Amino acid sequence: MPVPLTYPHVGATRTGSLPAGWRHVRHRVRLPDGSFAVAGEAVLSWRLHRAAGVRITADAPRAAPGVAVTSGLGVGPLRLDAPCEVVWVADDDRRAGFGYGTLPGHPASGEEAFVVERDDAGRVWFEIRAFSRPQRWIMRAAGPAARLFQHGYARWLAATLRRLCARAA
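This text gives an overview of the structure that appears in the document. All values reported here derive from a predicted model rather than from experimental measurement.

## What to know about the nonpolar core
Phase 1: Grouped together as the largest cluster of nonpolar side chains are 35 residues, with contacts concentrated most on Leu31, Phe98, Val116, Phe126 and Leu161.
Phase 2: Looking at this core, the elements that each hand over two or more residues are strand S1 (23-31), helix H2 (36-44), strand S4 (80-91), strand S5 (95-102), strand S6 (108-118), strand S7 (124-134) and helix H5 (144-168).
Phase 3: Broken down by element, this core gets its largest block of residues, seven residues, from H5.
Phase 4: The contact partners of Phe126, leaving out residues within four places of it in the chain, are His27, Arg28, Val29, Leu31, Val43, Leu48, Phe114, Val115, Val116, Leu157, Ala158 and Leu161.
Phase 5: Listed in part, the 10 residues of the second largest apolar core include Tyr7, Leu18, Val87 and Trp88.

The following block contains the structure:
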């Protein structure tokens, strides 16, 4: 029996129309020209997260709807695991990425998306968009520091993807 997601707005990060009343994160950066394929593969294969120092365990080597993935930050007994399920994937010549939603045990409740896009002019962009609410005591206790962490995490992933793209050029 599948484990239920912990929020009602499944798929909202796909369109970018994030629900009201939730914390929102939006971070968009331009990637090097010609990096769409490398960036898209890094996102879809979990390489981005692993290169950023996130411990990833997943049911599959690539993001696909229904794949369970747990990200872990920290070390030893200070590691915080965050179980999620991929709820949507884009993988075509203009967009590559996915959104995953929180499962029970995640410190927050909500959804986060990691998307590489190529615009009409051929420019390559990476965007993270998310909505969340504290779910466990640790997120509630962290208060404003949790929001700062979420925004910093988005910036760290974007900087990591830019480095991966630059190395591949």
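## Side note on the pairing of S1
Phase 1: Side chains of S1 alternate between two faces, with Arg23, Val25, His27, Val29 and Leu31 buried and His24, Arg26, Arg28 and Arg30 left unburied.
Phase 2: Pairing between S1 and S7: nine bridges, direction antiparallel. By the bridge assignment for S7, Arg28 is matched with Glu127.

## Description of the packing of aromatic side chains
The description of an aromatic ring pair rests on the distance of the ring centres and on the angle between the ring planes.
Phase 1: Evaluated as defined, the whole model comprises six aromatic pairs.
Phase 2: When the centroid spacing of 5.4 Å and the interplanar angle of 85 degrees are considered together, the rings of Tyr100 and Phe114 count as edge-to-face. With Tyr100 in strand S5 and Phe114 in strand S6, this pair connects stretches of sequence that are 14 residues apart.
Phase 3: A relative accessible area of 0% places Phe114 in the buried class.
Phase 4: Three or more aromatic residues joined by ring pairs form one cluster here, namely Trp46, Phe98, Tyr100 and Phe114.
Phase 5: The positively charged end of Arg28 is found above the aromatic ring belonging to Trp125, 4.0 Å away from the centroid.
Phase 6: Taking the ring centre of Trp156 as reference, the NZ or CZ of Arg163 above it sits at 4.9 Å.

## A few points about the pattern of salt bridges
Phase 1: Applying the stated criterion to the full structure yields eight salt bridges.
Phase 2: One salt bridge in this structure joins Arg123 and Asp119, with 2.8 Å as the shortest N-O distance.
Phase 3: Residue classification places Arg123 among the partly exposed positions, given a relative accessible area of 33%.
Phase 4: Judged by its relative accessible area of 19%, Asp119 is buried.
Phase 5: With its nearest N and O atoms 2.8 Å apart, the salt bridge here joins Glu127 to Arg129.
Phase 6: For Glu127, a relative accessible area of 11% corresponds to the buried category.
Phase 7: In this structure Arg129 comes out as buried when scored by relative accessible area, which is 5%.
Phase 8: Taken together, the shared-partner salt bridges in this structure form one network comprising Arg26, Glu127 and Arg129.

Calculation rules
- Residues numbered from 1 in each chain as written.
- Predicted model: local features only at pLDDT ≥ 70, side-chain atom pairs only at ≥ 80, totals over all residues.
- Heavy atoms only, no water.
- Core = buried A, V, L, I, M, F, W, Y, C linked by side-chain atoms within 4.5 Å.
- Buried < 20%, exposed > 50% of the residue type's maximum accessible area, 1.4 Å probe, protein only.
- Helix = DSSP H or I, 4+ residues; strand = E, 2+ residues; numbered from the N terminus.
- Contact = heavy atoms within 4.5 Å.
- Pairing = 2+ DSSP bridges.
- Phe/Tyr/Trp six-rings, centres within 6.5 Å; stacked < 30°, edge-to-face > 60°.
- Lys NZ or Arg CZ within 6 Å of the ring centre and 35° of its normal.
- Salt bridge = Lys/Arg side-chain N within 4 Å of Asp/Glu carboxyl O.

Note that every value here comes from positions in space, so none of it alone points to a role or purpose.
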